[in-house]
Amino acid sequence: VALGAGVALAPAPPWRVVPRVGVGLATGRVTGGISLAFAGDGIRFTALADRTIRDFGDRPVISSTLNSLTAEESGNDFGDYVLVDRAAIRATIPLGARTALDLELARERADSLPVAAHPASGIFRPNPQFAMDATSVARLDLRRPAARGDDRASAGGAVSLEGGAGGSSYLRLSARVEAGWPIGATAMRFRASGGVGTDELPTWRGFALGGRGTLVGEPYRAWGGREAALASVEWRFPVTIPAIPLGSFASTGHQMTLGPYFAAGWAGGPEPGMPWIPSPGVRPVAGIAAEWLMGLLRVESGWSLRTGSFGVTVDVSPEWWGVL
């Protein structure tokens, strides 16, 4: 269990100050930080110093609400955590209505986190040994979010270039693409992501895939390393179902979205000491997803075409992960 609080202050616009603090009850470890932002002539400048505990992955694979529940009750925690101390300055430059470029210079240090809590039942899997000496890091991120919904064509994505010098000297390049387009009453959705790092890449900046959020049907985060690629295509179509009343003024709705899909992933570049290994070739998965309750609930099943293993995940739709 962790408790925390933060506040956003605007003492003299365009200045904005955001302090926050938190504490983990199992260890008493304090996290938090402060950021100071100034927006002028369309460019936003931010200076910050913070200590955070974060999953090493670039993108979440589960909603934080569900992960808290499964971790506390059964020891199923879908995160691999690292403690990051950093100080940074950042410039955010808008390049259009939805496109922006981030430039950041930072000083960062990463430390491992041993498991210190106990779930109500089961046990937590060991946390990987992440660590990085204090390193000067430069980042360049170009991002354009895709519009939501199946009723119009949309495309978006991000490209990130990162380099470190000092404690660790490395280069890392990652990218992701999201696209969707309607086809009559149905729609197609395509997603791809990948990355590559040099031989000196710190382990907490590596990549991992498999299982929930990436390749349902494969073992969770079984495959990983300094290089990885993942792609999926989903054909989405609505079906009519009986509505279940939820009181006097609401129901579950008469429509469900089904989405047969195909996904494939690959990982390479061994990282000794990590719980994942390079994949033995491409790992293909076929399955079907169902979204219900006005798109709030997503059930995803997947079948590994290499091993024949089958998996099912249940979560709120990824569009809701920002608030759940």
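Coordinates for the structure precede this section.
Let us look at the structure shown here. No experiment lies behind these values; they were computed from the predicted model shown.

**So, the overall build of the protein**
Here's step 1: When its secondary structure is counted, the protein shows 1 helix and 17 strands.
Here's step 2: A compact globule built from 324 residues should have a C-alpha radius of gyration of about 20 Å, and the protein, at 21 Å, falls within 12% of that.
Here's step 3: On the principal axes, the C-alpha backbone points of the protein span a range of 55 × 50 × 40 Å.
Here's step 4: The buried share of the protein, reckoned over its 324 residues, is 40%.
Here's step 5: Nonlocal contacts in the protein, meaning residues at least 24 apart in sequence, comprise 56% of its contacts between residues at least 6 apart.
Here's step 6: Of the roughly 16700 Å² of accessible surface on the protein, 65% is carried by carbon and sulfur atoms.
Here's step 7: Averaging the locations of the 30 positively and 29 negatively charged side chains of the protein gives two centres separated by 3 Å.

**Things to note about the pairing of strand S14 (residues 255–268)**
Here's step 1: One ladder, built from 12 bridges, connects strand S13 (residues 227–240) with S14; its direction is antiparallel. The residue of S14 that forms the bridge with Phe237 is Leu258.
Here's step 2: Examined bridge by bridge, S14 and strand S15 (residues 283–292) share 9 bridges and lie antiparallel to one another. Paired with Leu258 across the two strands is Ala290, which belongs to S15.

**Points about the environment of Ser121**
Here's step 1: Along the chain, Ser121 turns up in the loop between strand S6 (100–111) and strand S7 (132–144).
Here's step 2: Separated by 50 residues in the primary sequence, Ser121 and Ala71 place their C-alpha atoms 9.3 Å from one another.
Here's step 3: Polar contacts involving the side chain of Ser121 include one to the main-chain carbonyl oxygen of Glu73, which spans 2.7 Å.

**Thoughts on unusual backbone geometry**
The phi torsion of most residues other than glycine is negative, and most of the peptide bonds are trans.
Here's step 1: Residue Pro13 is joined to Pro14 through a cis peptide bond whose omega torsion reads 15 degrees.
Here's step 2: Positionally, Pro14 belongs in the loop between strand S1 (2–6) and strand S2 (15–24).
Here's step 3: Residues other than glycine seldom take positive phi values, yet Leu293 does so here, at roughly 55 degrees.
Here's step 4: Along the polypeptide, Leu293 turns up in the loop between S15 and strand S16 (297–304).

**Here's the deal with the pairing of S6**
Here's step 1: Pairing of strand S5 (residues 81–94) with S6, which is carried by 12 bridges, proceeds in the antiparallel orientation. By the bridge assignment, Arg86 is partnered in S6 with Glu108.
Here's step 2: Here S5 folds back onto S6 in antiparallel fashion, the turn holding 5 residues, of which Gly96 has a positive phi close to 155 degrees.
Here's step 3: Summarising the sheet, S6 and S7 pair through 10 bridges and their orientation is antiparallel. Each residue of the ladder has a partner; that of Ala106, found in S7, is Val137.

What counts, and at which threshold
- Residues numbered from 1 in each chain as written.
- Predicted model: local features only at pLDDT ≥ 70, side-chain atom pairs only at ≥ 80, totals over all residues.
- Heavy atoms only, no water.
- Helix = DSSP H or I, 4+ residues; strand = E, 2+ residues; numbered from the N terminus.
- Rg over C-alpha atoms; globule rule 2.2 N^0.38 Å.
- Buried < 20%, exposed > 50% of the residue type's maximum accessible area, 1.4 Å probe, protein only.
- Contact = heavy atoms within 4.5 Å.
- Areas by Shrake-Rupley, 256 points an atom, 1.4 Å probe, with all protein chains shown as cover.
- Lys, Arg positive; Asp, Glu negative; His and termini not counted.
- Charge placed at Lys NZ, Arg CZ, Asp CG, Glu CD.
- Pairing = 2+ DSSP bridges.
- Polar contact = N/O pair within 3.5 Å; in protein donor to acceptor, adjacent residues only side chain to side chain.

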